[in-house]
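Structural description and commentary
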Amino acid sequence: QVQLVESGGGLVQAGGSLRLSCAATGPTASASAMGWFRQVPGKEREFVAAVGWSGLIKVYADSVKGRFTMSREASANTAFLQMNSLKPEDTAVYYCQTAPTTTQLRIEDGLGSWGQGTQVTVSS
């Protein structure tokens, strides 16, 4: 079972930047894709971005392409989501997740347990 620790949320003005971090521990952490979902109360959970185990494959939701960047520090099994040009509609609780591949992560197949998430609030 992979354990995840999320950090880096906060309050920022529109146009600003934040970086989220997700540290994974466990026997399969280094071989798993890692990524982020977000959810606003009363709305469906939304896939945001993911990076494969090697750090080479990256996938993004259309809503964040060109603004958000996934990266991964393999030695630390930590994934980062750099969020630039933030918009008020990016406001949500962001959750880190893992899955065997980025494709599976995107369709919520083989996900691990959900953590507490980290709040991102973008003011207009």
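Predicted, not measured: the structure shown is a model, and the values here were computed from it. (Residues numbered from 1 in each chain as written. Predicted model: local features only at pLDDT ≥ 70, side-chain atom pairs only at ≥ 80, totals over all residues. Heavy atoms only, no water.)

Focus on the packing of aromatic side chains
Under the defined criterion, the tally for this structure stands at 3 aromatic pairs. With a centroid separation of 5.7 Å and 75 degrees between ring planes, the pair formed by Phe37 and Phe47 is classed as edge-to-face. Of this pair, Phe37 sits in strand S4 (residues 33–39) while Phe47 sits in strand S5 (residues 46–51), and the two are 10 residues apart along the sequence. Across this residue pair, the class does not change: Phe37 and Phe47 are buried. Taken together, a centroid distance of 5.9 Å and an interplanar angle of 90 degrees make the contact between Tyr95 and Trp114 edge-to-face. A residue pair is termed long-range when its members are at least 10 positions apart, and Tyr95 in strand S9 (residues 92–99) and Trp114 in the loop between helix H1 (102–106) and strand S10 (118–123) qualify at 19 residues. Note on Tyr95: relative accessible area 16%, which makes it buried. (Phe/Tyr/Trp six-rings, centres within 6.5 Å; stacked < 30°, edge-to-face > 60°. Helix = DSSP H or I, 4+ residues; strand = E, 2+ residues; numbered from the N terminus. Buried < 20%, exposed > 50% of the residue type's maximum accessible area, 1.4 Å probe, protein only.)

A word on the state of the cysteines
Under the counting rule described, the total for this entry stands at 1 disulfide. Through a disulfide, Cys22 is tied to Cys96; the S-S separation comes to 1.9 Å. Torsion about the S-S bond of the Cys22 and Cys96 cystine: about -85 degrees, corresponding to left-handed handedness. Here Cys22, found in strand S3 (residues 18–25), pairs with Cys96, found in strand S9; they are 74 residues apart in sequence, far enough to count as distant. (Disulfide = S-S within 2.5 Å.)

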